[in-house]
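# Fold and contact review
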Amino acid sequence: MFELKHVSMEKNGKKIIENATFKLEYSGLVWLKGASGSGKSTILRIMCALEKPSSGEIFYKGVSIYEFNIPEFRSKCIYVPQMPILGQMNVMDCIRLPFSFKSNANKIFDDKKLNDLLEYFELQDATEKNINQLSGGEKLRIAIIRALLLDPECLLLDEPTSALDAKMEQKTLQLLKSLSEKKLIVSSFHTESIKEFCTQKIEIKDRYAIAS
Ligand SMILES: Nc1ncnc2c1ncn2[C@@H]1O[C@H](COP(=O)(O)OP(=O)(O)OP(=O)(O)O)[C@@H](O)[C@H]1O
């Protein structure tokens, strides 16, 4: 589904990623591994066209991602950052907001799926609240729920379990594993528990991405 060819990234004269070249299938849970500051978020942001690499090419289903209409591309391929900025609105309005975007016009809001996900992530009470009344971990889970409701072809997640307790971490890994049977999920994780769930690993070491 994704192919990165000779992707390099330099910021303010500092080389961050060098010559990243790898292919990802149409489904699976890909563990983007690397030490803090190794360039995991940079790779994810490049893959969803939030950042343009200094050189190299990125293909999605064989087409350069820069040939897509960007909002439409980001509707197929959703990125959830580590600390999502969700604004200062009611939680339900926040969850429904992207369904009003033109690029998501073909997406139907599934109330049953929302209730199931809220229950799974133990957030049933959150819908009455304002975003600014949620903890970091709760905000992250709301952002993940919102992305899952949009049912993208590909999900790019930046440390989705970083703010979660051990029980919720396991539940999240299990859910991602099961969803990855039908869609591609590329995600950075610090927890080693991901080993038993992931189908592929891309490790960033000394600026180089090694696929295994
Ligand atoms: N504007 C910038 N100028 C120079 N270096 C930058 C700039 N932005 C980011 N970097 C550097 O790029 C490197 C990669 O950052 P990135 O956020 O992608 O790493 P990460 O692996 O996601 O880290 P973490 O696990 O801590 O979130 C870091 O060393 C960071 O200091």
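Residues numbered from 1 in each chain as written. Predicted model: local features only at pLDDT ≥ 70, side-chain atom pairs only at ≥ 80, totals over all residues. Heavy atoms only, no water.

The name that an unreviewed UniProt entry assigns to the protein is Putative ABC transport system ATP-binding protein, with the source organism given as Desulfurella multipotens.

## Description of the environment of glutamine 133
Inspection of the secondary structure puts glutamine 133 in the loop between helix H4 (111-120) and helix H5 (136-149). C-alpha separation for the pair glutamine 133 and glutamine 88, spaced 45 residues apart in sequence, amounts to 9.2 Å. A distance of 2.7 Å separates a polar atom in the side chain of glutamine 133 from the backbone nitrogen of asparagine 130. (Helix = DSSP H or I, 4+ residues; strand = E, 2+ residues; numbered from the N terminus. Polar contact = N/O pair within 3.5 Å; in protein donor to acceptor, adjacent residues only side chain to side chain.)

## Some thoughts on the pairing of strand E7 (residues 154-158)
Where burial is concerned, most of E7 is hidden: 5 out of the 5 residues are buried. Neither face of E7 is exposed, since Cys154, Leu156 and Asp158 on one face and Leu155 and Leu157 on the opposite face are all buried. Where strand E6 (residues 77-80) and E7 come together, 4 bridges link them in parallel fashion. From the neighbouring strand, isoleucine 78 faces E7, where its bridge partner is leucine 155. As paired elements, E7 and strand E8 (residues 184-188) share 5 bridges and run parallel to each other. Each residue of the ladder has a partner; that of leucine 155, found in E8, is isoleucine 185. In terms of handedness, the path from E7 via helix H6 (residues 166-179) over to E8 forms a crossover that is right-handed. (Buried < 20%, exposed > 50% of the residue type's maximum accessible area, 1.4 Å probe, protein only. Pairing = 2+ DSSP bridges. Right-handed = clockwise from strand over helix to strand, strands pointing away.)

## Some details on the site of the ligand
What surrounds the ligand is a group of 15 residues, the closest being Ser36, Gly37, Lys40, Ser41 and Thr42. Lysine 14 has a polar side-chain atom sitting 2.8 Å from an oxygen atom of the ligand. Note that an oxygen atom of the ligand is positioned 3.2 Å from one of the backbone N or O atoms of serine 38. Breaking the shell around the ligand down by element, the ones donating at least two residues are strand E2 (14-24) and helix H1 (40-47). In terms of residue count, the dominant contributor to the shell around the ligand is H1 (3 residues). Among the residues making up the shell around the ligand, the classes are represented as 2 nonpolar, 9 polar and 4 charged. (Near = heavy atom within 4 Å. Nonpolar A, V, L, I, M, F, W, Y, C, P; charged D, E, K, R; others polar.)

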